[in-house]
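# Chain and residue survey
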Amino acid sequence: MMSMLGHWSPELTLERLMLVMEGQAGWLELLLALLALLCANYISKRLAQRHFQLAEAHNWSFGKYLLFRLLFPLSAQLLTQLFALLWLLWHGHASVILPIAAMLLFWMSAIRLFTAIVRHALPTGKVERNTEHLLAMLLWLGFAAWLTGVDTLVLDWLESFRFHVGKNQLNLLMILSALVWVSVILVGALWLSKLIEKRVMKVGDIDMNLRFVICKLTRTLMIIGAVLVALPIVGIDLTVLSVFGGALGVGLGFGLQKIASNYVSGFIILLDRSIRIGDRLMVDGRVGYVGKITARYVVLKGLDGSEVLVPNEALIANTVINQSYTDKQIWISMPVQVAYDSDLELVQRLLREAANHPRVMTDPAPNAFVTAFAESGINLEVGLWVRDPENGMMGLRSDIYLRIWKLFKEHDIHIPFPQRELRVINQPAPLH
């Protein structure tokens with residue numbers, strides 16, 4: 001492509017473009033360029049419909065997403081280059097518009113490649129999509145400035161703003177260059193760590209907690225390495241890190257000890273495997289399932305859908321009831337009261353029968369117990385083991401109580417309710 005462009009110069013190319021558009025050949029080249037774009041658009045849409053399910057785009061890998069984004073610019077560039085070659089063979093001289101279109105398409109491919117890497121490195125969400133669009137817009141503006149020759153004026157203007165920091169003289173161009181280099185290196189580190197994380201999470205032979213530890217350590221080391229590489233590139237001496245390390249130590253001693261404690265506690269939880277994803281915990285009287293373990297907190301999702309962020313330090317320092325540490329089955333009991341004239345052996349048999357439910361374990365089987373002779377009746381409890389507590393308990397209790405009600409109705413067993421006798425003392429004699 002660069003051979004067809006010859007010596008690329010924005011001013012020279014715009015001048016040649018103006019001259020070409022004055023004749024019929026320029027309009028023919030423009031028509032061929034539009035034809036290449038239309039054909040590429042048709043080809044890319046057909047390939048996307050056949051090989052890419054847009055409804056599952058959020059589950060695409062980086063390679064699949066990148067290929068989807070490059071379908072149109074690559075196919076359009078290929079067709080444009082082909083038309084430019086045919087033009088050269090037919091007319092005996094190189095075209096002007098077709099190489100310019102190829103250059104624009106090449107820049108579109110480069111922009112989509114870079115923004116795809118940035119999007120893949122960032123967490124999934126609105127920030128991810130907005131950042132991709134913002135970067136694409138900035139890169140297109142930069143390309144337009146270079147194409148029109150405005151970039152030289154902008155760079156000179158940025159370099160003209162000079163100021164001193166200590167003995168060093170800085171300008172806006174140096175600061176922006178430093179920010180760009182640091183951002184590029186950090187994004188590359190995050191992207192590479194995310195690729196490693198996906199590979200590690202797919203290894204089924206390694207314990208889940210150990211996989212989380214490997215992923216967190218990899219990301220931390222990648223970010224630290226990126227900072228160590230980026231600082232010398234932008235001209236910052238690494239010896240300043242000793243001062244920063246001292247300041248960080250003082251900060252940890254006074255105000256950041258909780259953050260450091262939570263961070264270390266998170267690694268301890270992952271390494272000793274006391275808490276795992278999906279475990280049912282009881283913390284401060286609240287029951288929920290572990291949905292996520294981060295460096296600072298554990299996400300505990302309750303059965304009502306609410307989520308509690310429990311600091312890692314609280315899980316290390318306090319007593320935590322892990323109801324699924326060995327297995328996830330949970331024993332529950334359901335109180336029932338019957339009248340004193342009831343056949344207790346029949347009542348126990350009916351309670352065991354009512355507890356036969358698809359969600360209730362058969363080994364050990366449900367059982368019924370007499371617990372107390374109360375004021376209004378005899379108290380019993382039916383105990384059972386639930387095989388899937390993650391599906392909630394209210395529906396299960398309701399089903400069993402409803403079956404108990406029906407069985408008691410069929411066998412004429414009464415559930416007592418409090419009864420009181422009212423005696424009026426010193427009642428006046430009735431009037432005759």
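Structure first, text after, so check above.
The structure displayed is predicted, hence computed values, not measured ones.

### Comments concerning the overall build of the protein
When its secondary structure is counted, the protein shows 14 helices and 10 strands. Here the protein, with 432 residues, has 32% of them falling under the buried criterion. Entry remark: accessible area of the protein is about 27500 Å², with carbon and sulfur atoms responsible for 65%.

### Some details on a nonpolar patch on the surface
Together, Trp 157, Phe 161, Leu 172, Ile 175, Leu 176 and Leu 179 line one region of the surface with nonpolar side chains, adding up to about 540 Å² of accessible area. Inspection of the secondary structure puts Leu 176 in helix 8 (residues 172-201).

### Details of the nonpolar core
Grouped together as the largest cluster of nonpolar side chains are 25 residues, with contacts concentrated most on Val 338, Leu 351, Leu 384 and Phe 408. Breaking this core down by element, the ones donating at least two residues are strand 8 (330-338), helix 13 (344-354), strand 10 (378-386) and helix 14 (394-410). Those residues in contact with Phe 408 that lie beyond four places of it in its chain are Val 336, Val 338, Val 347, Leu 350, Leu 351, Ile 413 and Ile 415.

### Some points on the pairing of strand 8
Because side chains alternate across strand 8, one face comprises the buried residues Ile 330, Ile 332, Met 334, Val 336 and Val 338, and the other comprises Trp 331, Ser 333, Pro 335 and Gln 337, none of which is buried. Sheet analysis places strand 8 next to strand 10, joined by nine bridges and oriented antiparallel. Opposite Trp 331, over in strand 10, you have Trp 385 as the bridge partner.

### Remarks on the pattern of salt bridges
Following the criterion strictly, the structure yields one salt bridge and no others. For Asp 388, the salt bridge goes to Arg 359, with nearest N and O atoms at 2.9 Å. In this pair, Asp 388 is assigned in the loop between strand 10 and helix 14 and Arg 359 in the loop between helix 13 and strand 9 (367-373), connecting sequence segments 29 residues apart. Looking at Arg 359, the relative accessible area reads 16%, which means it is buried.

### Let's talk about the sheet that holds strand 4 (residues 286-293)
The antiparallel open sheet is built from five strands, whose spatial order is 6-5-4-3-7. Every other strand in the sheet has two partners, leaving strand 6 (307-311) and strand 7 (321-322) as the edge strands with one partner each. By the bridge criterion, two bridges tie strand 3 (residues 280-283) to strand 7 in an arrangement that is antiparallel. Among the inter-strand pairings, Leu 281 is bridged to a residue of strand 7, identified as Asn 322.

### Some points on unusual backbone geometry
Residue Pro 364 follows Asp 363 across a cis peptide bond; omega there is 0 degrees. Along the chain, Pro 364 falls in the loop between helix 13 and strand 9. At Asp 412, a residue that is not glycine, the phi angle is positive and equals roughly 55 degrees. Here Asp 412 lies in the segment after helix 14.

### Observations concerning the environment of Leu 32
Assignment of secondary structure puts Leu 32 in helix 3 (residues 24-51). Take Leu 32: its relative accessible area is 21%, and that puts it in the partly exposed class. Separated by 48 residues in sequence, Leu 32 and Thr 80 place their C-alpha atoms 7.9 Å apart. What Leu 32 contacts, discounting residues up to four positions off in sequence, is Phe 83, Trp 87 and Leu 98.

### Things to note about helix 8
Residues lying three or four places apart along an α-helix face the same way, a consequence of the helix completing one turn every 3.6 residues. When the terminal C-alpha atoms of helix 8 are compared, their 43 Å separation across 30 residues agrees well with the 44 Å that a helix rising 1.5 Å per residue should span. Buried within helix 8 are the following residues: Ala 178, Ile 185, Val 187, Ala 189, Leu 190, Ser 193, Lys 194 and Val 200.

### Some thoughts on the sheet that holds strand 10
Strand order across the open sheet formed by three strands is 8-10-9, with antiparallel pairing between neighbours. With partners counted over all chains shown, the strands left at the sheet margins are strand 8 and strand 9, one partner each. Neighbour-to-neighbour, the strand axes of the sheet open up by a mean angle of 25 degrees, direction not taken into account. The strands touched by helix 13 are strand 8, strand 9 and strand 10; relative to strand 9, the strand with the most contacts, the crossing angle is about 135 degrees.

Quick notes on the rules
- Residues numbered from 1 in each chain as written.
- Predicted model: local features only at pLDDT ≥ 70, side-chain atom pairs only at ≥ 80, totals over all residues.
- Heavy atoms only, no water.
- Helix = DSSP H or I, 4+ residues; strand = E, 2+ residues; numbered from the N terminus.
- Buried < 20%, exposed > 50% of the residue type's maximum accessible area, 1.4 Å probe, protein only.
- Areas by Shrake-Rupley, 256 points an atom, 1.4 Å probe, with all protein chains shown as cover.
- Patch = residues over 30% accessible without salt bridge, like charges linked within 9 Å, V, L, I, M, F, W, Y side chains within 5 Å.
- Salt bridge = Lys/Arg side-chain N within 4 Å of Asp/Glu carboxyl O.
- Core = buried A, V, L, I, M, F, W, Y, C linked by side-chain atoms within 4.5 Å.
- Contact = heavy atoms within 4.5 Å.
- Pairing = 2+ DSSP bridges.
- Expected span 1.5 Å × (residues − 1).
- Axes fitted to C-alpha atoms, helices over the stretch in contact; angles between N-to-C directions.

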